[in-house]
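Residues per chain are reported as follows:
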Amino acid sequence: MNSAEQSSQRVSEIDLHAMAYTDPLTGLGNSYRLRDKVREIADARASDPAPFTIGLANLDGFKPINDLFGPDAGDKILCQVANRLLACVPDGATVIRAGGDEFGFVLPLVFERKAAEKVGAMLREVLSAPFDLGGRNVRLSASFGFAIYPFAGDEFEDLLKSADTALYRSKRRGRGQITVYSREIAQEMKRATQLEQALRNAIIGDEVDVHFQPIVSLRNDTVVGFEALARWCDPDLGYVSPSIFVPLAEERGFIDALSETLLRKAAKTALTWPKELFLSFNLSSAQLMDPSTSSNILSIIDRAGLDPRRLELEITETAVMADADVAQKIIGELRSHGVRISLDDFGTGQSSLGRLRDFTFDKVKIDRAFVSRISSDRSSEHIVKAIIAMCDGLDLEVVAEGIEEFSESLKLKELGCGMGQGYFYGKPADAVATLRYLADKYREPPPALSVAI
Ligand code: C2E
Ligand code: CA
Ligand code: CA
């Protein structure tokens, strides 16, 4: 090889190297650059491990904007974000795009939480100014997660994981939040991991149980179905609420295994009830984002021998909106097999009624927050009244959740609410107690009022 060839080979090696470390859209470095930069600083400080900080920023609500204005507009915004971040990070910092709408930084001179929060607040401010889409302005917010070396991890992978955990926490708290990975978070993560292990074992050992809470017709106070509610009591950890362990199973990626055990048990129990009673089962948000959910559910109840027309699935507005296309497909498939869909916790989500119109539901469950204030608070009464009127107009059934008092049931009957559920009618109870409840309370509904199944 002559020297010209050698130098052109070197140039292309350099090009290739640069390409491998560059985000083609924004010209920023990519995740490899972040990794190398972190390792470089960590090595340089090996003898005196002075702290430094890495950060992740994720744009809030970028996907809907991308969907609405198109990918070119999305790219424009990402490039403007890159420019602003580059222009504003403190001296000596590195900015990279990790992919999608996620950016990262290395801040060699940020040593502690307050300073990281200050940088986060400044960058959040800078990103909150409108983005120019050629004649149209768009506003966005961003969430941040920071991790300080070496406390939050002395290897790049651990440090990044900590920053990711901090970012995830910001996202969970809403928009525009800043979180720095702390000792408390580390403690919580440890507890969550213990809980995860115990729950995984409980699923394998078949120790997670299902209880059932009656849902009654408010027209004649007869039971029309039961809602299945997960119950878990660990020998060491004691009773753990499903509002803790269900989200944990979602977060750690084993909600399918948990849900399968629960549905299998619930369906088997439902077979012991009079066949006009329905089984209402909660679906978690992660399940509504997974296209295989409908076939999984159908095959579980098929194996158990439960008629899909006896099954209702409770889903929340927020879960529906997280990935509307997939949710719609799942709902459509399930409904085509006769499964009915209830909108749970109605009134607490963030979706608009306009967007909900695009989905087909069978039933709406009015959240306990409105029901518990119905006797004392006029505005709650008006909201409940409005929801009942809306459901009447849309031909949807209505269930009021969390009825604890006779006075509440009376008020709801007065307002024309079709069904109710709550401690007043019965607390969640295990399969055996539920059969006793039925033997005690269940009367065949008069033919004209029987539930159409
Ligand atoms: P949810 O679906 O809104 O369930 C209703 C919750 O209200 C249950 O809490 C129930 O025990 C409670 N409740 C019912 N009537 C009354 C009442 O009159 N007063 C009061 N104060 N509370 C009442 P629980 O069993 O602790 O479940 C909490 C949440 O955990 C559920 O809220 C649901 O989101 C989730 N969850 C429970 N089981 C499952 C499950 O099998 N799968 C999924 N994905 N989520 C579940
Ligand atoms: Ca529910
Ligand atoms: Ca509910």
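Report on the accompanying structure. (Residues numbered from 1 in each chain as written. Chains lettered and ligands numbered in written order. Predicted model: local features only at pLDDT ≥ 70, side-chain atom pairs only at ≥ 80, totals over all residues. Heavy atoms only, no water.)

**With respect to the coordination of the calcium ion (ligand 2)**
Now for step 1: Looking at the metal site, the calcium ion (ligand 2) is ligated by Glu227 (OE), Asn282 (OD1), Glu314 (OE) and Asp344 (OD), spaced 2.1 to 2.4 Å from it.
Now for step 2: For the calcium ion (ligand 2), the single-chain donor residues occur in sequence as E-x54-N-x31-E-x29-D.
Now for step 3: Separating the calcium ion (ligand 2) from the calcium ion (ligand 3) is a distance of 3.8 Å, and Asp344 supplies a donor atom to each of them. Residue Asn282 is found in strand E11 (residues 278-282), and its partner Glu314 is found in strand E12 (residues 311-316); the two are separated by 32 residues along the sequence. (Donors = N, O, S within 2.8 Å, 3.2 Å for Na, K, Ca; no water. Helix = DSSP H or I, 4+ residues; strand = E, 2+ residues; numbered from the N terminus.)

**Considering the sheet that holds strand E6 (residues 141-149)**
Now for step 1: Read across the sheet, five strands follow the order E2-E3-E1-E6-E7 without closing on themselves; strand pairing throughout is mixed. In this open sheet, the two strands that pair with only one neighbour each are strand E2 (94-99) and strand E7 (178-180). The mean angle between the axes of side-by-side strands here comes to 20°, regardless of whether they run parallel or antiparallel.
Now for step 2: One ladder, built from three bridges, connects E6 with E7; its direction is parallel. Each residue of the ladder has a partner; that of Phe146, found in E7, is Val180. (Pairing = 2+ DSSP bridges. Axes fitted to C-alpha atoms, helices over the stretch in contact; angles between N-to-C directions.)

**So, the coordination of the calcium ion (ligand 3)**
Note on metal sites: the ideal angle is 109.5 degrees for four tetrahedral donors, and 90 or 180 degrees for six octahedral donors.
Now for step 1: Binding of the calcium ion (ligand 3) to the protein goes through Asp344 (OD), Asp345 (OD), Glu401 (OE) and Glu401 (OE), at separations of 2.2 to 2.6 Å.
Now for step 2: On the primary sequence, the residues serving as donors to the calcium ion (ligand 3) are separated as D-D-x55-E.
Now for step 3: Using a relative accessible area of 7% as the deciding quantity, one classes Asp344 as buried.
Now for step 4: Taking the relative accessible area as the measure of exposure, Asp345 reaches 26% and is therefore partly exposed. (Buried < 20%, exposed > 50% of the residue type's maximum accessible area, 1.4 Å probe, protein only.)

**As for the packing of aromatic side chains**
Now for step 1: This model, assessed by the stated rule, comprises 12 aromatic pairs.
Now for step 2: Both rings, one in Phe151 and one in Tyr181, keep their centres 6.2 Å apart while their planes meet at 45°; by these two values the pair is tilted. Here Tyr181 lies in the loop between E7 and helix H7 (183-204) and Phe151 lies in the loop between E6 and helix H6 (156-172), a separation of 30 residues in the sequence.
Now for step 3: Residue classification places Phe151 among the partly exposed positions, given a relative accessible area of 37%.
Now for step 4: The buried category is assigned to Tyr181, whose relative accessible area is 13%.
Now for step 5: Summarising the aromatic geometry, the rings of Phe406 and Phe424 are spaced 6.1 Å apart at their centres and angled 50° between planes, so their arrangement reads as tilted. Here Phe406, found in helix H16 (residues 406-414), pairs with Phe424, found in the loop between strand E16 (419-421) and helix H17 (431-441); they are 18 residues apart in sequence, far enough to count as distant.
Now for step 6: Its relative accessible area of 49% is what places Phe406 among the partly exposed residues.
Now for step 7: According to the relative accessible area criterion, Phe424 is partly exposed, its value standing at 34%. (Phe/Tyr/Trp six-rings, centres within 6.5 Å; stacked < 30°, edge-to-face > 60°.)

**Details of the environment of Arg309**
Now for step 1: Position of Arg309 among the secondary structure elements: in the loop between helix H10 (293-304) and E12.
Now for step 2: Look at Arg309 and you get partly exposed, because its relative accessible area is 45%.

**A few points about the pattern of salt bridges**
It is possible for side chains of opposite charge to pair when their charged atoms get near one another.
Now for step 1: With the rule as written, the count across this model stands at 26 salt bridges.
Now for step 2: With a closest N to O distance of 3.3 Å, Lys37 and Glu40 form a salt bridge. One end of the pair is Lys37 and the other is Glu40, both in helix H2 (residues 31-44) and three residues apart, which spans about a single turn.
Now for step 3: With a shortest N-O distance of 3.9 Å, Glu401 and Lys365 are connected by a salt bridge. A residue pair is termed long-range when its members are at least 10 positions apart, and Glu401 in the loop between strand E15 (397-400) and H16 and Lys365 in strand E14 (residues 363-366) qualify at 36 residues.
Now for step 4: Judged by relative accessible area, which is 1%, Lys365 ranks as buried.
Now for step 5: Residues joined by salt bridges that share partners form a network here, namely Glu227, Glu314, Lys365 and Glu401. (Salt bridge = Lys/Arg side-chain N within 4 Å of Asp/Glu carboxyl O.)

**Looking at the packing of H7 against helix H8 (residues 242-251)**
Relative placement of two packed helices is described by the angle separating their axes and the distance separating the axes.
Now for step 1: At their nearest, the axes of H7 and H8 sit 10 Å apart, and the two run at 90° to each other. With respect to H8, the axis of H7 lies roughly perpendicular. Facing Ala192, Leu195, Glu196 and Leu199 of H7, the residues of H8 in contact are Ile244, Phe245, Leu248 and Ala249.
Now for step 2: The residue inventory of the contact of H7 with H8, partitioned by class, reads seven nonpolar, no polar and one charged. (Parallel < 35°, antiparallel > 145°, perpendicular 65-115°, else oblique. Contact = heavy atoms within 4.5 Å. Nonpolar A, V, L, I, M, F, W, Y, C, P; charged D, E, K, R; others polar.)

By themselves these figures say nothing about function.
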